[in-house]
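Architecture and fold: a report
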Amino acid sequence: EQTPRSPPRRIVDGGSRAERPEPVAVPVWVRLNRNRIRDPVGALRMLGAEGITFCAARNAHSCGPGRCARPDCPLVHLYLFADQDRHA
């Protein structure tokens, strides 16, 4: 069942070669680095407090737009989110 707090499901390219591959949960890939977010750690804490699951996706070889290295698929990948421009 799809809910607003669950990751979307889609058929991933390069996945199963079965005639009818099943869709899998994949996180939404969001890149918000260098956006001058003043408190990225606080923003991540707020997401957690709201029940929004996320992955920092620090390693693009393990996580990407169609996959996550975590065993429980989060709602969102925040690729390089902690890398904010410090000159506000």
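The structure reproduced in this document is the subject of the present report.

Definitions and cut-offs
- Residues numbered from 1 in each chain as written.
- Predicted model: local features only at pLDDT ≥ 70, side-chain atom pairs only at ≥ 80, totals over all residues.
- Heavy atoms only, no water.
- Pairing = 2+ DSSP bridges.
- Helix = DSSP H or I, 4+ residues; strand = E, 2+ residues; numbered from the N terminus.
- Buried < 20%, exposed > 50% of the residue type's maximum accessible area, 1.4 Å probe, protein only.
- Salt bridge = Lys/Arg side-chain N within 4 Å of Asp/Glu carboxyl O.

Considering the sheet that holds strand S3 (residues 28–31)
- Read across the open sheet, the three strands follow the order S3-S5-S4; overall the sheet is parallel. At either margin of the open sheet sits one strand with a lone partner, and together these are S3 and strand S4 (54–55).
- Here two bridges tie S4 to strand S5 (residues 76–79), and the two strands are oriented parallel to one another. Along S5, the bridge assignment pairs Cys-55 with His-77.

Some points on the pairing of S5
- A two-sided burial pattern is seen for S5, the buried positions comprising Val-76 and Leu-78 on one face and His-77 and Tyr-79 on the other.
- As paired elements, S3 and S5 share four bridges and run parallel to each other. When the sheet's bridge partners are listed, Trp-29 is paired in S5 with His-77.

Looking at unusual backbone geometry
- The backbone phi angle of Arg-34 is positive, close to 60°, even though this residue is not glycine.
- Looking at the element boundaries, Arg-34 is found in the loop between S3 and helix H1 (40–49).
- The exposed category is assigned to Arg-34, whose relative accessible area is 64%.
- Residue Ala-57 is not a glycine yet carries a positive backbone phi of 50°.
- Of note, Ala-57 is situated in the loop between S4 and S5.

Some points on the pattern of salt bridges
- For the coordinates displayed, the defined rule picks out two salt bridges.
- Asp-83 is the partner of Arg-58 in a salt bridge, and the nearest nitrogen-oxygen pair spans 3.5 Å. Residue Arg-58 is located in the loop between S4 and S5, and its partner Asp-83 is located in the segment after S5; the two are separated by 25 residues in the primary sequence.
- The class of Asp-83 is partly exposed, set by a relative accessible area of 31%.
- The salt bridge involving Asp-72 is made with Arg-70; its shortest N-O contact spans 3.1 Å.
- Given the relative accessible area of 43%, Asp-72 is considered partly exposed.
- Here Arg-70 falls in the partly exposed class, since its relative accessible area comes to 29%.

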